[in-house]
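The primary structure of each chain is shown beneath.
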Amino acid sequence: MATIAVYCRVDSGSLSRAALEALGAGRRLADKRGDRVVALVVGADVTGAAATAVQCGADAAYVVENPILAEYDGELCLSALRTAVDAAAPDVLLFGGDLAGREVAPRVGYQIGAAVVTEAVDLQVDGGDVVITRPVYGGKAMAVYSAASPKQVIVLRAKTQEPAAPDAGRSGEVHKVDWDAPAGVVAAKIVERIQETLGGVKLSDARVIVAGGRGLGGPEPFRELEELAQLLGGAVGATRAACDAGWVPPHMQVGQTGAIVAPDLYIAIGISGASQHLAGITGAKTVVAINKDPEAPIFRRATLGVVADYKAVLPALKQELAALLSR
Amino acid sequence: MQILVGIKQILDPEIPASEFKVDPATNKPVPGRAKFVMDSYSEYALEVALQFKEKNPGTKIVAVCVGDKPADEVLRKALALQVDEVVRVWEDGWDDLDAHALAQILGRVAERIGGADLALVGRQSGDAERGLVGPMLAEELKAACITLATRVEAGGDNQITVRREAGGGFVKVEIRLPAVVTVTNDDSNVLRLPKVKDIMMASRKPITVLRAADLGLDPGALAPRLRLRSLFVPELAGDCELVEGESGSEQAAGLARRLRELKVV
């Protein structure tokens, strides 16, 4: 029986969203292959989280608990996780789409000689092999991989996996793993934090997003998008082109290399729909496109489309929606 | 202080999706009319290196590219932007290198040039989009690693401060050297344009070309750990319902009505 280990980050005593997504994916994969799932729970206060990980599908948990792990740090996380990996000796190591998936997963994979795939959106099984699908070339193509080495590390793209839900009837052993930061492993020292607020609603959590692209022609129209977003209780996003042009700050970028979002409603205004942008909204439920070019690729992703200059539509749309919402 | 900048040459990512084709026999994209260009995240990394050098005279920048002869073009661009030295590494049969192999190769190059205090690479490339080479290179160099950086400044004794993206904002962190920093896009690190005179000069500067044997690399250790089973172009649904109307306000009214009917608002 092979072992699938799931890295579980604990934030303020609870499992992170990325951990729940990875646990969900890990359990489904294990059920297809007849594998065992172990949670590698890393943090400062892990007791409750380890129990939750078991309820969320792990057959056992290995916990690394240390006050210095309260806030994520790549170097400390790598060292702590490596100790847990050695204790659990997994064949497959899963990460959710968070910072550890970005910078710790490749390093652990390198250390243990594993095949590493990032941004996985789908896991299947074929004759015992894990078959991993991920987008490449800015979302223009999908690549399907399997490992050519016995061990593998898989990093899941955020918001592509149904998060695990706890089942109070499940039980499993919890093993404590002794770990202390070795001499020479030094955490990065945080000297300044700069939080940028997006009109109160965080882009990655927003249920409604109004986004603008190159078609807006400059920074000013984003104010109108802001009004529409406020009306709908949402946030404003932008394409990489609009961010690169300096019209809006880079943290507003939605797409493969910006925020990956999954709102109920995504209104794309003056956005042509480059693959790299569409890759960031694969989880969006209803997509509305307003663009004057009927050939724009965004219309192949959209649920509802308006072929028009946004300037002719937006003011009336705000009035109509304001009227609807006040009823 | 010596900075190694990893530069990748890729198929132009601006090629429209409608023109993007895959050859099913090779599982590789068909270049068609598209050009090969410097990867945009390599450009951001290079700009961060150039800005660091401007503020810290005496810094030496070595740009390294793993690629065949046509990759000289991106190294010439780096030379035109006044990097001190460029290295191209290639060996026959290196068409399917994985990130492990690339990290090993860059690690050996760092050794060969007398060490890298700081290695800068893009957060991921615009083709394979793995985002693995930077963190794996940190393992090779036994270095600290920070991803998603937008700016790097000299810090105290043998340290740098790095501004990185974090949770919808930024943090500034101080880390020790040696370090590997992966760079993401920001309006502060858009690659500058070279001067015409420097482009001319760059064509006369040398490009060091290294092969596997020069780096003491064992071809067996570079064998890929992943097997690409297939590469395909996904279909988009294409069932968009267009909201018609004589004017923008009619279309707006129609759109609002449909959004309500679909219970979206």
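Details of the structure are given in the entry above.
Computed from a predicted structure; not experimentally measured.

A. Broad picture of the overall build of chain B. Along its length, chain B carries 6 helices and 15 strands. Overall, the C-alpha framework of chain B stretches about 70 × 50 × 40 Å when taken along its three principal axes. Sorting the 265 residues of chain B into buried and exposed places 52% on the buried side. For chain B, restricting intrachain contacts to residue pairs at least 6 apart in sequence, the fraction spanning at least 24 positions comes to 71%. About 11,900 Å² of surface is accessible on chain B, with carbon and sulfur atoms providing 51% of the total.

B. Structural detail: the packing of aromatic side chains. Counted according to the given criterion, the structure contains 4 aromatic pairs over all chains. Between Tyr137 of chain A and Phe20 of chain B, the aromatic rings sit 5.3 Å apart at their centres with planes inclined by 50°, giving tilted as the arrangement. Highlighted residues: Tyr137 of chain A in the loop between strand E8 (129-136) and strand E9 (141-147) and Phe20 of chain B in the loop between strand E2 (9-11) and strand E3 (21-23), drawn from two different chains. The residues Tyr137 of chain A and Phe20 of chain B share a single accessibility class, namely buried. The residue whose ring lies beneath Arg163 of chain B is Phe170 of chain B, and the NZ or CZ to ring-centre distance is 3.8 Å.

C. How the structure looks around the packing of helix H5 (residues 105-112) of chain A against helix H4 (residues 133-141) of chain B. Packing of H5 of chain A against H4 of chain B brings their axes to within 8 Å, and their N-to-C directions diverge by 50°. By the angle class used here, H5 of chain A and H4 of chain B are oblique. Crossing geometry of H5 of chain A relative to H4 of chain B is assigned as right-handed. Taken together, the residues of H4 of chain B that come into contact with H5 of chain A (itself represented by Pro106, Arg107, Tyr110 and Gln111 of chain A) are Pro135, Met136, Ala138, Glu139 and Glu140 of chain B.

D. Spotlight on the interface of chain B and chain A. In this assembly, 79 residues from chain B lie in contact with 80 residues from chain A. For the chain B face of the interface with chain A, the top three residues by lost area are Glu139, Leu226 and Arg229 of chain B, together amounting to 9%. The tally of links between chain B and chain A comes to 6 salt bridges. For the salt bridge of Glu174 of chain B with Lys189 of chain A, the shortest nitrogen-to-oxygen distance reads 4.0 Å. One can count 39 residue pairs in polar contact (both at pLDDT 80 or more) joining chain B with chain A. Per-element accounting of the side of chain B that touches chain A gives the leading share, 10 residues, to helix H6 (residues 248-261) of chain B.

E. Expanded view of the pairing of strand E16 (residues 286-291) of chain A. Residue and element names in this part refer to chain A. Here E16 lies mainly inside the structure; 6 of its 6 residues are buried. The alternating pattern of E16 places Thr286, Val288 and Ile290 and Val287, Ala289 and Asn291 on opposite faces, both of which are buried. Bridge count for strand E15 (residues 265-269) against E16 is 5 bridges, and the pairing is parallel. By the bridge assignment, Leu265 is partnered in E16 with Thr286. Pairing geometry for E16 and strand E17 (residues 304-307), over 4 bridges, is parallel.

F. Inspection of the sheet that holds E15 of chain A at higher detail. Read from one edge to the other, the open sheet built from 6 strands follows the order E14(A)-E13(A)-E15(A)-E16(A)-E17(A)-E15(B), with strand pairing classed as parallel. For this open sheet the edge positions go to strand E14 (235-238) of chain A together with strand E15 (241-242) of chain B, each flanked by a neighbour on one side alone. As defined by bridge partners, E17 of chain A adjoins E15 of chain B across 2 bridges and the pair is classed as parallel. Each residue of the ladder has a partner; that of Gly305 of chain A, found in E15 of chain B, is Leu242 of chain B. Packed onto the sheet, helix H6 (residues 221-231) of chain A meets strand E13 (208-212), E14 and E15 of chain A and runs at close to 140° relative to E14 of chain A. Together, E15, E16 and E17 of chain A form the strand contacts of helix H10 (residues 310-326) of chain A, whose direction differs from that of E16 of chain A by roughly 130°.

G. Highlighting H10 of chain A. Given a rise of 1.5 Å per residue, 17 residues ought to cover 24 Å, and the 24 Å separating the end C-alpha atoms of H10 of chain A matches this to within 8%. Of the residues making up H10 of chain A, those classed as buried are Tyr310, Val313, Leu314, Ala316, Leu317, Lys318, Leu321 and Leu324 of chain A. Here the buried face of H10 of chain A lies against H6, E15, E16 and E17 of chain A together with H6 of chain B.

H. Local environment of the environment of Ala284 of chain A. All names here are of chain A. Examined against the element boundaries, Ala284 turns out to sit in the loop between helix H8 (275-278) and E16. Spatially, the C-alpha atoms of Ala284 and Pro150 are 36 Å apart, while their sequence positions differ by 134 residues. For Ala284, the contacting residues outside a window of four places in its chain are Val261, Ala262, Pro263, Tyr266 and Arg301.

I. How the structure looks around the pattern of salt bridges. As enumerated under the stated definition, the model contains 37 salt bridges over all chains in all. Lys172 of chain B is the salt-bridge partner of Glu192 of chain A, the closest N and O atoms lying 3.9 Å from each other. Here Glu192 of chain A is found in strand E12 (residues 189-195), whereas its partner Lys172 of chain B is found in strand E11 (residues 169-176) on a different chain. Glu192 of chain A gets classed as partly exposed once you look at its relative accessible area, which sits at 36%. Put simply, Arg27, Asp31, Asp59 and Arg170 of chain A are held in one network by salt bridges that share partners.

J. Region of interest: the environment of Ala53 of chain A. Residue and element names in this part refer to chain A. Within the secondary structure layout, Ala53 lies in helix H2 (residues 47-55). Residue classification places Ala53 among the buried positions, given a relative accessible area of 0%. Along the chain, Ala53 and Lys176 lie 123 residues apart, while their C-alpha atoms are 14 Å from each other. Those residues in contact with Ala53 that lie beyond four places of it in its chain are Leu15, Leu23, Ala39, Val41 and Ala58.

Cut-offs applied
- Residues numbered from 1 in each chain as written.
- Chains lettered and ligands numbered in written order.
- Predicted model: local features only at pLDDT ≥ 70, side-chain atom pairs only at ≥ 80, totals over all residues.
- Heavy atoms only, no water.
- Helix = DSSP H or I, 4+ residues; strand = E, 2+ residues; numbered from the N terminus.
- Buried < 20%, exposed > 50% of the residue type's maximum accessible area, 1.4 Å probe, protein only.
- Contact = heavy atoms within 4.5 Å.
- Areas by Shrake-Rupley, 256 points an atom, 1.4 Å probe, with all protein chains shown as cover.
- Phe/Tyr/Trp six-rings, centres within 6.5 Å; stacked < 30°, edge-to-face > 60°.
- Lys NZ or Arg CZ within 6 Å of the ring centre and 35° of its normal.
- Axes fitted to C-alpha atoms, helices over the stretch in contact; angles between N-to-C directions.
- Parallel < 35°, antiparallel > 145°, perpendicular 65-115°, else oblique.
- Left-handed = near helix turned anticlockwise from the far one by under 90°.
- Buried area = accessible area lost by both parts, 1.4 Å probe.
- Salt bridge = Lys/Arg side-chain N within 4 Å of Asp/Glu carboxyl O.
- Polar contact = N/O pair within 3.5 Å; in protein donor to acceptor, adjacent residues only side chain to side chain.
- Pairing = 2+ DSSP bridges.
- Expected span 1.5 Å × (residues − 1).

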